[in-house]
Amino acid sequence: MAKRGRQCMMGAAGPHASAPTVTATVAGMRLLARRAHSVAEVRTRLQRRGYATAEIAEALAALAPYLDDAAFARSRLRFRSQTSKWGEGRIRQELQQQGVAAEVIAAAFAAWAEDQDNTIDWLAQAQGLVARRYGVTRGPLPRAEYAKRIHFLIRRGFSYEVAQRALRASGQAEPELD
């Protein structure tokens, strides 16, 4: 009785056993064909795939016209601020994790703020998140519920001040001290 599944159809060696080896430059181009990547991301991905350090350096030099951390940071900022509803802190953290330098991130946020068409209303985004997650409530909240909502916004990357202002503006007052 024959086995069913991938192993039987492709053989024990796997699906790529007879495929020609791909150079690091071609592998890098394939990465960039899907979406923009930072230089550090491309380097890390090529290292994970087992390419030699010299071959990676050569590939990065060949891909240099297509790798621009500043453009990547601006693109990622635009995408994350419009689709994920993350706050500024969370977007900065993601860019740092993707290997973008702090100066480049700061420049991307500054350029974004200068452009009149791209103004981000962090307060409105925070209010929308709270309304979507918790619904519309008016009046003072119990301390635990207020803290829960503040922490929700902070985890999404909004500053404490923006989180407080968002709750106040949506009618969810701070709990009164005993």
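### Structural notes on the packing of helix 5 (residues 69-84) against helix 6 (residues 88-97)
At step 1: Where helix 5 meets helix 6, the closest approach of the two axes is 10 Å, and the angle between their N-to-C directions is 140 degrees. The pairing of helix 5 with helix 6 is recorded here as oblique in orientation. As for how helix 5 packs across helix 6, the hand of that crossing is right-handed. Along its contact with helix 5, which presents Phe72, Ala73, Arg76, Leu77, Arg80 and Ser81, the element helix 6 presents Ile91, Glu94 and Leu95.
At step 2: By residue class, the composition of the contact of helix 5 with helix 6 is five nonpolar, one polar and three charged.

### With respect to the packing of helix 5 against helix 7 (residues 102-114)
At step 1: Their axes nearest at 9 Å, the elements helix 5 and helix 7 cross at an angle of 55 degrees. Here helix 7 runs oblique to helix 5, going by the angle between their axes. Crossing angle aside, the handedness with which helix 5 passes helix 7 is right-handed. Along its contact with helix 5, which presents Asp69, Ala70, Ala73, Arg74, Leu77, Arg78, Ser81 and Gln82, the element helix 7 presents Val104, Ala108, Phe109 and Trp112.
At step 2: In terms of residue class, the contact of helix 5 with helix 7 is built from seven nonpolar, two polar and three charged.

What counts, and at which threshold
Residues numbered from 1 in each chain as written. Predicted model: local features only at pLDDT ≥ 70, side-chain atom pairs only at ≥ 80, totals over all residues. Heavy atoms only, no water. Axes fitted to C-alpha atoms, helices over the stretch in contact; angles between N-to-C directions. Helix = DSSP H or I, 4+ residues; strand = E, 2+ residues; numbered from the N terminus. Parallel < 35°, antiparallel > 145°, perpendicular 65-115°, else oblique. Left-handed = near helix turned anticlockwise from the far one by under 90°. Contact = heavy atoms within 4.5 Å. Nonpolar A, V, L, I, M, F, W, Y, C, P; charged D, E, K, R; others polar.

Read these as layout, nothing more, since geometry by itself doesn't imply function.
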